[in-house]
Amino acid sequence: MKSVAFLLAILATGSAAKPTIEFKPLRRITQLSVGQCDAEVLFSLRVADGGVEDYYCPKVVFEWEDGTRSIEESDCPPFDQAGADDHKRSWTRSRKFQGSGTFTVQAHLCHGERRIKSVKTTVIVAGWEGQSEDTRGSSGCSTGRPIESDGGDAILSTSRRTKDPCSE
């Protein structure tokens, strides 16, 4: 009988909630408008800590295609005093990309100076029909580079970095 109770306890522990992370563009493919050089893309990041303190109220570092970063920190109650809604966080970030291409963006979750998890997502910016490479070049549009971020409360860095994003 004790072994059955022990086995049930082990199984119950394994079925406990785990952190869930979802990072994606709101539209996987974004079309450049006719005559426009840039397209704005919205990204959504959702984190549910699943009762794991390391994932509770993380600092988030968004790392853009060009190596720039924006940092988001939240003011949260202590883990042991948090309400149910405090264990779920979401962020929306806007980014303009100039020209068409496939862009990879990362979000790093940090607990203090430690990186807990990094997640990536990809967005495709498609050129408008009839826009040739020659037309883009002559209209002043270059291809494949982000041109701005929404900023918000984020700290935006303009230089490429190689250090761990959580230790800054």
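Refer to the structure presented above.
The residue numbers shown here count from 1 along each chain, following its written sequence. A pLDDT threshold of at least 70 governs which residues receive local features in this predicted model, and a stricter bar of 80 or more applies before side-chain atom pairs are shown or counted, although totals over entire chains, interfaces and linings include all residues. Computation of side-chain values covers all heavy atoms of the structure but excludes hydrogens and water.

Help me out: how do you make sense of the environment of Phe43 in this one?
Segments assigned H or I by DSSP are reported as helices when at least four residues long, segments assigned E as strands when at least two residues long, and all are numbered from the N terminus. Here Phe43 lies in strand β3 (residues 38-48). Exposed residues in this analysis have more than 50% of their type's maximum accessible area, buried residues have under 20%, and partly exposed residues fall in between, with area computed by a 1.4 Å probe over protein chains only. For Phe43, a relative accessible area of 1% puts it in the buried group. Note: C-alpha distance between Phe43 and Arg93 (50 residues apart in sequence) is 5.2 Å. Throughout, a contact is declared for two residues whenever any of their heavy atoms are within 4.5 Å. Apart from the residues lying within four places of it in its own chain, the contact partners of Phe43 are Phe23, Lys24, Pro25, Trp64, Trp91, Thr92, Arg93, Arg95, Phe97, Val105, Thr121 and Val123.

Which parts of the structure should I look at to understand the pattern of salt bridges?
When the charged atoms of two side chains with opposite charge come close together, those side chains can pair. Whenever a carboxyl oxygen of Asp or Glu lies within 4 Å of a side-chain nitrogen of Lys or Arg, that contact is scored as a salt bridge. Applying the stated rule across the entire model yields 7 salt bridges. When the shortest N-O distance is used, the salt bridge between Arg115 and Asp164 registers 3.6 Å. Of this pair, Arg115 sits in strand β8 (residues 114-126) while Asp164 sits in the segment after β10 (155-156); the two residues are 49 residues apart in sequence, bridging distant segments of the chain. Since its relative accessible area comes to 37%, Arg115 is described here as partly exposed. Accessibility expressed as a relative area gives 29% for Asp164, which makes it partly exposed. Taken together, the shared-partner salt bridges in this structure form one network comprising Glu22, Lys24 and Arg46.

Before we go on, may I ask you to explain the state of the cysteines in this structure?
What makes a disulfide is a covalent bond joining the sulfur atoms belonging to two cysteines. Two cysteine sulfurs form what is called a disulfide whenever their separation falls within 2.5 Å. For the structure shown, the criterion picks out 2 disulfides. One disulfide in the model links Cys57 with Cys76; its S-S distance is 1.8 Å. Judged by the sign of its S-S torsion, about 70°, the cystine formed by Cys57 and Cys76 is right-handed. Taken as a pair, Cys57 in the loop between β3 and β4 (59-63) and Cys76 in the loop between β5 (69-72) and β6 (88-98) lie far apart in primary sequence, 19 residues in all.

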